[in-house]
Every structure is written in structure tokens, then in C-alpha cells.
Amino acid sequence: MRRHVLIIVNPAAGGTRSGARRLRRVVAALERCGCTAVLRHASARAGDVERLAREAEPDFEAIVAAGGDGTVNAVVNGLAGMPRPMALLPLGTANLLAREIGLPRRPRRLAELIATGPAHQVWPGQVNGRLFLMMASTGFDAETVASVDPRLKRYAGRFAFIWAMLVRLWHYRPCELVAAADGAEHRGVGLIAVKGRFYAGPFIVAPGADPADPVLDLVLVHRGGRMAILGYAAALLLGRLSRSKHVTMLRARSVVVSGSRVLPVQADGEIVARLPATIGIAEQPLLLIRPPP
């Protein structure tokens, strides 16, 4: 069966020359597969991607998120509570979920998957009720996300995150965190709650994490200071972060996080809350069109 799909396009990612070219190739491949696709370009207004997903007509058999991690997050929240499958068309700065599930890169293979591929259950996480599909965190990395200049991100892509990281590293002040999970309290200076293996691109932070599992993998870092941050970054690049003696790895369905001062909480690259916050598993799974696990 060939699906009737709605493709929601992020205005920044779809507006670049490379993004627009890739979008045209995938749409053309979908049409050759016999799939009918309707494109709707979101405006730059906050919440417009989520609105388009939430208000999509019921005859669409799948909603395709065309963009990066932020676009996927918005579509997920727009589809919250609906039994309608979602698919991915990676554009933009990064798309960790596409990497996690091994999404085909070639337009023809990707179009075939969107048109006829099976929908599998995945379990999103949530921060104070706001859904996420890959990660939520607080500490140095969330402060970095909060410092990213949106204009620089649009024109410089990943360089905007690197610049924000350097600025935050210069001004870094550790904050003691208390993470209460499964009846026990854990202390540290940073917490990452992940639903997949990857973090910040191709780097593995939680080797056993699986989006299909209704559980969070928690990465709690204990040492503060600039040198400690650089050490964690080196361990991440080398694939050794989960084995560091200064890192605690946990699994839980929910964690309540508080801090010695108010810190931002990011989810899938967007600031969604401030401490204290509750990070947990969503009440319902999401249907995701993906290659077989």
C-alpha cells in the first residue's frame, strides 16, 4: 500500500540550497513510488511546525518531519496522543534519530521506506509533559544550547554550537544537581537522559539505549570545572564516556532533577524547562516508520 503523506518542512532547513535540492529529490522519488505527498512549509513563528502536525487532516496516513532534531521534536509533540505514524526526511543541522535507526540516505531508498515501510513503536521521553525522542539534559550542555545564537545557527550550522560551547566553557560555573530516581538520590554536576545511543552526532553516550524500550538511560557526570568538561568531551570523542570512573550510568522510568541554582533543561536541542524538572517516559508510544530494528 502506498501512503498519502504530509511533509512538514522546517523553514530554515528547507530554505537552504542543499536542503531544497534534497527535498525535491525525495518528493520526486515518492511520486515514482506511487505515493502522494503534500508539502507544507512552516513559518518561522514559534510552534508553527507543531501546529501543522496537530492540525493535519485525518486522510494523511503519515506525517513526515523534514528537518533536523528540532523539527522532529515539534512534530512528535504535535502528534502526541494520536495513532498516526511519523516518518523522517533529514535536513538541517543534525538528525540524531535518523542516525539511531539507520535511516537510508539515498532519496530512492528513503522514499520507498516512507511509502511502504512498517511503523514500529518507540517510547518518547518527556520533560514536565513536553515530549522528546532522543535526549534531555541539564548542566553544561543545556547551558550551551541556551547560549546558541539562532541567527548564527541558521547561517553557520554546527559552528554555532561550537562557538556557544567555547563561550560557556569560559564562563562555566558548576552547579550541584540532585537526581532522584527509583527511590535513590544521586549527585553530580550534569545529567543527560537519553532514548538512543548517540549524542552530539556520531558519538555514543549510552551503548545499550534503544528508542523502543520504555526506559531512560541516565548519564550522570560528577566532576565540575573547565578541565573536567574537556575531559568528558575527550572521553565522548573516544567512545569511553560511559566507562569513565567519574560518570554514573543508570536506567529509570523517571527522574526528578533539582539544582543549587536554576539551570535550563534542553530536549532534542531546544530549551523546554528550568530546574527543578521531572524527566520520564511518555504515557503512550509513538509509531515511527523506520527500517526493521
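Above this note sits the structure.
Please read all numbers here as calculations on a predicted model, not as lab measurements.

Pairing between sheet strands relies on hydrogen bonds along the backbone, with the strands arranged either parallel or antiparallel. Strand order in the open sheet formed by six strands is E7-E6-E19-E16-E9-E10, and the pairing between neighbours is antiparallel. If you trace the sheet from one side to the other, it starts and ends with strand E7 (130-132) and strand E10 (184-188), each paired once. Adjacent strand axes in the sheet meet at a mean angle of 25°, parallel and antiparallel pairs treated alike. Note that strand E6 (residues 125-127) and E7 share three bridges and pair antiparallel. Looking at the pairing, Val127 lines up with Arg130 of E7.

Quantified by volume, the second largest pocket comes out at close to 230 Å³. Lining the second largest pocket are 17 residues, and of these Ala80, Gly81, Leu131, Gln284 and Pro285 sit closest to its centre. Tallied by class, residues from the lining of the second largest pocket come to eleven nonpolar, five polar and one charged.

Here the focus is the pairing of strand E3 (residues 62-67). Among the six residues of E3, six are classified as buried, and the element is accordingly described as predominantly covered. Alternating positions in E3 separate into two faces, Ala62, Val64 and Ala66 on one and Ile63, Ala65 and Gly67 on the other, with burial throughout. As paired strands, strand E1 (residues 4-9) and E3 are joined by five bridges and run parallel to one another. Bridge pairing in E3 links Ile7 to Val64. Pairing geometry for E3 and strand E4 (residues 86-90), over five bridges, is parallel. The residue bridging Ala65 from the neighbouring strand is Leu88, located in E4. This β-α-β element, E3 to helix H4 (residues 69-78) to E4, shows right-handed connectivity.

Inspection of the secondary structure puts Ala193 in strand E11 (residues 190-194). The sequence separation of Ala193 and Thr138 amounts to 55 residues, and the corresponding C-alpha distance is 9.0 Å. Apart from residues no more than four positions distant in its own chain, Ala193 is found in contact with Phe132, Met134, Met135, Ala136, Leu216, Asp217, Leu218 and Ile279.

Our next topic: the side chain of Asn77. Assignment of secondary structure puts Asn77 in helix H4. With near-sequence residues (within four places) excluded, Asn77 lies in contact with Glu50, Arg130 and Leu131.

Together, Phe159, Ile162, Trp163, Met165, Leu166 and Val167 give the surface a local cluster of nonpolar side chains, amounting to about 560 Å² of exposed area. Looking at the secondary structure, you find Phe159 in helix H9 (residues 158-170). Judged by its relative accessible area of 45%, Phe159 is partly exposed.

By size, the foremost hydrophobic cluster in this structure holds 73 residues, and its most contacted members are Ile7, Val75, Met86 and Leu88. With sequence-adjacent residues up to four places away left out, Ile7 is seen in contact with Leu23, Val27, Leu30, Ala37, Val38, Leu39, Arg40, Val64 and Ala66. Among the nonpolar cores identified, the runner-up in size contains 24 residues, and Ala181, Ala273, Leu275 and Ile279 belong to it.

A word on the side chain of Arg168. With respect to the secondary-structure elements, Arg168 resides in helix H9. Arg168 gets classed as buried once you look at its relative accessible area, which sits at 18%. Residues in contact with Arg168, not counting those within four places in the same chain, are Phe140, Glu143, Thr144 and Ser147.

Right, let's talk about helix H10 (residues 226-237) for a bit. Taking 1.5 Å of rise per residue, the twelve residues of H10 would be expected to cover 16 Å, and the 17 Å separating its terminal C-alpha atoms lies within 8% of that figure. Ala228, Ile229, Tyr232, Ala235 and Leu236 are the residues of H10 that are buried. Along the axis of H10, the buried positions cluster into a sector of 125°, meaning they face one direction only. Residues of H10 that are exposed and point over 90 degrees away from its buried face: Met227 and Leu237. Structurally, H10 contributes buried residues whose contacts are with helix H7 (140-147), H9, strand E12 (198-199), strand E13 (203-204), strand E14 (216-221) and strand E15 (247-252). Gly239 lies just past H10 and shows a positive phi near 75°.

About the thresholds
- Residues numbered from 1 in each chain as written.
- Predicted model: local features only at pLDDT ≥ 70, side-chain atom pairs only at ≥ 80, totals over all residues.
- Heavy atoms only, no water.
- Pairing = 2+ DSSP bridges.
- Helix = DSSP H or I, 4+ residues; strand = E, 2+ residues; numbered from the N terminus.
- Axes fitted to C-alpha atoms, helices over the stretch in contact; angles between N-to-C directions.
- 1 Å grid on protein atoms, 1.4 Å probe; cavity = no way out; pocket = protein on both sides within 12 Å on 5 of 7 lines; lining within 4 Å.
- Points joined across faces, edges and corners; volume = space filled by probe spheres on them.
- Nonpolar A, V, L, I, M, F, W, Y, C, P; charged D, E, K, R; others polar.
- Buried < 20%, exposed > 50% of the residue type's maximum accessible area, 1.4 Å probe, protein only.
- Right-handed = clockwise from strand over helix to strand, strands pointing away.
- Contact = heavy atoms within 4.5 Å.
- Patch = residues over 30% accessible without salt bridge, like charges linked within 9 Å, V, L, I, M, F, W, Y side chains within 5 Å.
- Areas by Shrake-Rupley, 256 points an atom, 1.4 Å probe, with all protein chains shown as cover.
- Salt bridge = Lys/Arg side-chain N within 4 Å of Asp/Glu carboxyl O.
- Core = buried A, V, L, I, M, F, W, Y, C linked by side-chain atoms within 4.5 Å.
- Expected span 1.5 Å × (residues − 1).
- Arc of directions from axis to C-beta.

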